[in-house]
Amino acid sequence: MSTLYTTEALSTGDGRNGEVRTSDGVLDELLAVPKEMGGPGGDRTNPEQLFAAGYAACFHNGMRVIAGQQKVKLGESTVRSTVSLITLDNGGFSLKVALSAHLPGLDQATADQLVETTHQVCPYSNATRGNIEVTLAATV
């Protein structure tokens, strides 16, 4: 194994109603508990949104790399990551994710295979596999 990239983020305040920023300052976001969870919501983000954005971007990039390796021509593709915070029977919390790739111009079998192959190599997919529910969908 070799490390390709390392980054660092710092959370201050009280976590969900605080601030998170990366050591290089590129990401600097105020956080708030969503209204759906009894918080103020508003124009502040939350950990689930940040996770959804990261997973969508990483999966999308991986899918484009895999498509190139397989000589599959992708047009204007998109990946939607829907992240839900769920309660567990033991009182804890977890996440569940639904990934949906829109791959216009491909046949359904190729789109399904591309999404499944990407799920095997995406770092987010590998980090979550066996830990949380992740469902996949491809539309053409």
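Since this is a predicted model, take the numbers as computed values, not measurements. Within each chain, residue numbers correspond to sequence positions counted from 1 in written order. In keeping with the predicted nature of the model, local features appear solely for residues at pLDDT of at least 70, side-chain atom pairs appear and are counted solely at 80 or more, and the whole-chain, interface and lining totals rest on all residues. Hydrogens are left out, water is left out, and the side-chain values use all remaining heavy atoms of the structure.

S.K.: Tell me about the side chain of His-119, and please be specific about residues and values.
M.R.: By definition, any uninterrupted DSSP run of H or I lasting at least four residues is a helix, any uninterrupted run of E lasting at least two residues is a strand, and each is numbered from the N terminus. Within the fold, His-119 resides in helix α2 (residues 108–121). In this analysis, two residues are considered to be in contact whenever any of their non-hydrogen atoms come within 4.5 Å of each other. Apart from the residues within four sequence positions on either side, His-119 is in contact with Tyr-55, Phe-59, Ser-125, Asn-126, Arg-129, Val-134 and Leu-136.

S.K.: Break down the pattern of salt bridges for me, citing the residues and quoting the values.
M.R.: Basic side-chain nitrogens of Lys or Arg form a salt bridge, by our definition, when they fall within 4 Å of a carboxyl oxygen of Asp or Glu. For the structure shown, the criterion picks out 2 salt bridges. A salt bridge links Glu-48 to Arg-16; the nearest nitrogen and oxygen atoms lie 2.5 Å apart. Here Glu-48 is found in helix α1 (residues 47–69), whereas its partner Arg-16 is found in the loop between β1 (9–13) and β2 (18–22), with 32 residues between them in sequence. Where Glu-19 meets Arg-21, a salt bridge forms, and the shortest distance between an N and an O atom there is 3.7 Å.

S.K.: Which residues make up the packing of aromatic side chains, and what are the values?
M.R.: Between 30 and 60 degrees the pair is tilted, below 30 it is stacked and above 60 it is edge-to-face, where a pair is any two Phe, Tyr or Trp rings, Trp via its six-membered ring, whose centres lie within 6.5 Å. For the structure shown, the criterion picks out 4 aromatic pairs. Taking the centre distance of 5.9 Å and the plane angle of 80 degrees together, the rings of Phe-51 and Tyr-55 count as edge-to-face. Taken together, the residues span about one helical turn, with Phe-51 and Tyr-55 both in helix α1 at a distance of 4 residues. The classification of residues rests on relative accessible area computed with a 1.4 Å probe and restricted to protein chains. Under 20% of the type maximum is buried, over 50% is exposed, and intermediate values are partly exposed. On the basis of relative accessibility, which here comes to 22%, the residue Phe-51 falls in the partly exposed class.

S.K.: How would you summarise unusual backbone geometry if you had to cite specific residues and measurements?
M.R.: Most peptide bonds take the trans configuration, and most residues that are not glycine carry a negative phi. Even without being glycine, Lys-71 reaches a positive phi, approximately 60 degrees. Among the structural elements, Lys-71 can be located in the loop between α1 and β4 (78–87).

S.K.: How would you explain the domain arrangement of the protein if you had to name every residue and give the values?
M.R.: Segmentation of the protein into domains returns domain 1 (1–45) and domain 2 (47–138). The source of the domain bounds is an automatic or database domain assignment. Taking only C-alpha atoms into account, the centre of domain 1 sits 22 Å from that of domain 2. Each partner contributes to the interface: domain 1 provides 6 residues, whereas domain 2 provides 5 residues. In this description, buried area is defined as the sum, over both parts, of the accessible area (probe of 1.4 Å) that is lost when the two are combined. Both sides of the domain 1 and domain 2 interface together cover about 490 Å² of buried area, and 62% of this is carbon and sulfur. At the junction of domain 1 with domain 2, the criterion picks out 1 salt bridge. Counting of polar contacts relies on pairs of N or O atoms within 3.5 Å, with two restrictions inside protein: one atom must be capable of donating a hydrogen and the other of accepting it, and residues adjacent in sequence are counted only when both atoms are side-chain atoms. At the surface where domain 1 touches domain 2, the tally comes to 2 residue pairs in polar contact (both at pLDDT 80 or more). Any residue that is not Ala, Val, Leu, Ile, Met, Phe, Trp, Tyr, Cys, Pro, Asp, Glu, Lys or Arg is counted as polar, Gly included; the first ten are nonpolar and the last four charged. For the side of domain 1 that touches domain 2, the per-class residue count stands at 3 nonpolar, 1 polar and 2 charged.

S.K.: So what about the environment of Thr-117? Which residues, and what values?
M.R.: Mapped onto the fold, Thr-117 is located in helix α2. We classify Thr-117 as partly exposed; its relative accessible area is 23%. Measuring from C-alpha to C-alpha, the distance between Thr-117 and Met-63 comes to 8.1 Å, with 54 residues separating the pair along the chain. Residues in contact with Thr-117, not counting those within four places in the same chain, are Ile-66 and Gln-70.

S.K.: Tell me about the sheet that holds β2, and please be specific about residues and values.
M.R.: Think of it this way: DSSP has to see at least two bridges between two strands before they count as a pair. Taken in spatial order, the 3 strands of this open sheet run β1-β2-β3, and their pairing is antiparallel. Only two strands of the sheet have a single partner each, and these edge strands are β1 and β3 (28–30). Ignoring strand direction, the axes of neighbouring strands in this sheet form an average angle of 15 degrees. Where β1 meets β2, 5 bridges bridge the pair, whose relative direction is antiparallel. Residue pairing for β2: Ser-11 is matched across the bridge by Val-20. Where helices are involved, their axes are fitted lines through C-alpha atoms of the stretch in contact, as for all axes, and angles between N-to-C directions lie from 0 to 180°.

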